[in-house]
Amino acid sequence: MLKKSPFSLAVVSALLCGSLQAEGYKLYEQSVSSMGTAYAGRGAQVTDASLVYSNPAALTRLQGAHFAGGISFVGASSRYSDAQAFSANGQPVAGRSDGNNKLRSVIPFLFYSNHLNERLSYGLGLYVPFGIGAEYDDDFVGRYFATETGVQVVSAQVSLGYQLTTNWSVGAGVSLNRVSGVLSKYKDHSGLCELGEAATNTLFGAPVYNDAYCHSHYEVKGDDLAPGFSLGLHGEPWQGTRLALMYQSAIRFTLTGDSVISNTPITGANVQGHPGYLVIAPQLPAIDLTTGKLAAMPQLTEASQLDLTTPASVAFSLDQQLTELLSLQFSLAWTEWSRFQSIDIISADQSPSLSLSTELPQNLNAPGYIGYIPQKWQNSWSAAVGFSFQAQPNLLLKTGLAFDQNPIRPERKTARIPTDDRTWLTLGANWRFSAKSSLDVAIGHMWMPGVSVDEFEYNVQDQPLYQSRFQANYRNKALLIGMQFNRSF
């Protein structure tokens, strides 16, 4: 389906969290117990079976068999204002200039862990590590740049932890990951829609205006399966201090699917001499003699593909006991977003249709290219600090503050991902209602600075195309609520 470079936001929806709730499109919502401290100390704290994902090495510290399952509810809002756009011919695009995109998603996870012997532990997990989603109304003024964007990765993992010494353990996990995605937008056929009925009819000298060009829509979908792995280290060098180091591998996908476009103009050059069409000029739409209107192809479909690589990451975490009742958590993480340089939609069809036009020198200027969006992301850092307080023997209270550096350069912000650096404040609690059962709850609020988008279209050589342009201001915020049930056996 899409791209040649590693990430590709080109791509759904079922369990995903919006682009507002994560660093890039990486999700943290695989543990509500960690959410309470804004994910500070994750992988260092010995909490529950969610360690299957966050640090397999720490599984050796759990006593007996453990189950953890939960959901996170995400409510996000992206308000845009003062939006304006111009067509390929430089004509102003009519449409909604102010609006509020809202996302409501539920993200589930399940984990189980147990011991094989005194030194070796294992775990199983099902979770969502990556996701992004955004969708605009059909009358959005920037619809020639974006309508729907989504990517979702669902992972199943097997992990092993091995106790090296009394104080140190190592671990590893292997995952099978399924990605699915969609990208869509309305097509700007050289400003044919913006030209309007009267001007179009005047240009052709007859009432040939075809409203179908205003509803020409492009969509590409794809999916794939690929393996990944993680490595972990956990230690307690002295009593009350727990340390963790985690590595998550990059995952390389090749998404395959179809590119579909509706209501494509049939130009005179393509039907010259055909008895069913009247050709005015090779570069202009022909007139369909059966309808008397400008000719259009109802639908074109072309098999296409995309190479998508989710980024590798490294994280360090600390869980420090300060007093008998109070502990400090800290985490620092690095993510390799620089792999995401562009969104490339490449033909994989033996009988191409769309790319016959889009690959031409005056368009994308590269063989087989159906779509291209430069991104040029940068590697990013995130940090979090949290506190846990044992208010009662069966009640642990938590709070945390986190900062996620945005990997998107200011000049590369787009209608598909109009985000900036994110700050998180969270509150949480763990209530132990029996010797073997407990419940975690957490709530988080995210805010970020205002974002300005000034977006253009480019060919594969990163040279501006046409006179297309989109500008808007965005304000983003999100609320996250989670609940997790834990059980030991």
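Preceding block: the structure.
Residues numbered from 1 in each chain as written. Predicted model: local features only at pLDDT ≥ 70, side-chain atom pairs only at ≥ 80, totals over all residues. Heavy atoms only, no water.

Student: Which residues make up the layout of surface pockets, and what values do they have?
Tutor: A volume near 800 Å³ is recorded for the second largest pocket. As for the second largest pocket, its lining consists of 36 residues, of which Val 46, Thr 47, Gln 390, Leu 396 and Arg 432 are closest to the centre. Residue assignment for the lining of the second largest pocket shows that the elements contributing at least two residues are strand E1 (66-86), strand E13 (313-321), strand E14 (326-335), strand E17 (380-392), strand E18 (395-404), strand E19 (422-432), strand E20 (437-447) and strand E22 (464-488). Among the residues making up the lining of the second largest pocket, the classes are represented as 8 nonpolar, 17 polar and 11 charged. (1 Å grid on protein atoms, 1.4 Å probe; cavity = no way out; pocket = protein on both sides within 12 Å on 5 of 7 lines; lining within 4 Å. Points joined across faces, edges and corners; volume = space filled by probe spheres on them. Helix = DSSP H or I, 4+ residues; strand = E, 2+ residues; numbered from the N terminus. Nonpolar A, V, L, I, M, F, W, Y, C, P; charged D, E, K, R; others polar.)

Student: Which residues make up unusual backbone geometry, and what values go with them?
Tutor: With a phi close to 55 degrees, Asn 263 is a non-glycine residue in the positive phi region. Secondary-structure assignment places Asn 263 in strand E8 (residues 251-265). With a phi angle near 55 degrees, Tyr 466 is a residue other than glycine that sits in the positive phi range. As for its placement among the helices and strands, Tyr 466 is situated in strand E22.

Student: Hey, could you go over the nonpolar core for me, with residue numbers and the actual values?
Tutor: Grouped together as the largest cluster of nonpolar side chains are 51 residues, with contacts concentrated most on Phe 111, Tyr 136, Phe 140, Val 141, Phe 470 and Tyr 474. Among the elements of the structure, helix H1 (32-35), helix H2 (51-54), E1, strand E2 (99-115), strand E3 (120-135), E20, strand E21 (451-458) and E22 are those that each provide at least two residues to this core. With 6 residues, the single largest contributor to this core is E1. Here Phe 140 is in contact with Tyr 80, Arg 96, Ala 146, Phe 470 and Tyr 474, once residues within four sequence places are set aside. Val 153, Val 179, Ala 226 and Leu 255 belong to the second largest nonpolar core, which has 10 residues in total. (Core = buried A, V, L, I, M, F, W, Y, C linked by side-chain atoms within 4.5 Å. Buried < 20%, exposed > 50% of the residue type's maximum accessible area, 1.4 Å probe, protein only. Contact = heavy atoms within 4.5 Å.)

Student: Help me get a handle on helix H4 (residues 197-204), residues and values and all.
Tutor: Among the residues of H4, Thr 200, Asn 201 and Phe 204 are the ones counted as buried. Looking straight down H4, one finds its buried side chains confined to an arc of 95 degrees; they lie on one side. Relative to its buried face, H4 has exposed residues pointing more than 90 degrees away, namely Ala 198 and Thr 202. Lining the buried residues of H4 we find helix H3 (192-195), strand E10 (287-288) and strand E11 (293-294). (Arc of directions from axis to C-beta.)

Student: Give a detailed account of the side chain of Ser 78, specifying residues and quantitative values.
Tutor: Structurally, the position occupied by Ser 78 is in strand E1. A residue is classified by how much of its surface remains accessible, and Ser 78, at 9% relative accessible area, is buried. A polar contact is formed between the side chain of Ser 78 and the side chain of Asn 476, at a distance of 2.7 Å. (Polar contact = N/O pair within 3.5 Å; in protein donor to acceptor, adjacent residues only side chain to side chain.)

Student: Please set out the side chain of Asp 319 residue by residue, giving values where relevant.
Tutor: Mapped onto the fold, Asp 319 is located in strand E13. One polar contact links Asp 319 to Gln 329, side chain to side chain, over a distance of 2.8 Å. Once you skip the residues sitting within four places of it in the chain, Asp 319 turns out to touch Ala 44, Gln 45, Gly 240, Thr 241, Arg 242, Ser 327, Leu 328 and Gln 329.

Student: How would you sum up the pairing of E14? Please name residues and give values.
Tutor: Alternating residues of E14 divide into Ser 327, Gln 329, Ser 331, Ala 333 and Thr 335, all buried, and Leu 326, Leu 328, Phe 330, Leu 332 and Trp 334, none buried. Where E13 meets E14, 9 bridges bridge the pair, whose relative direction is antiparallel. Looking at E14, one finds that Leu 318 is bridged to Phe 330. Connecting E13 to the antiparallel partner E14 that follows it, the hairpin turn spans 4 residues. (Pairing = 2+ DSSP bridges.)

Shape is all these values report; function is a separate question.
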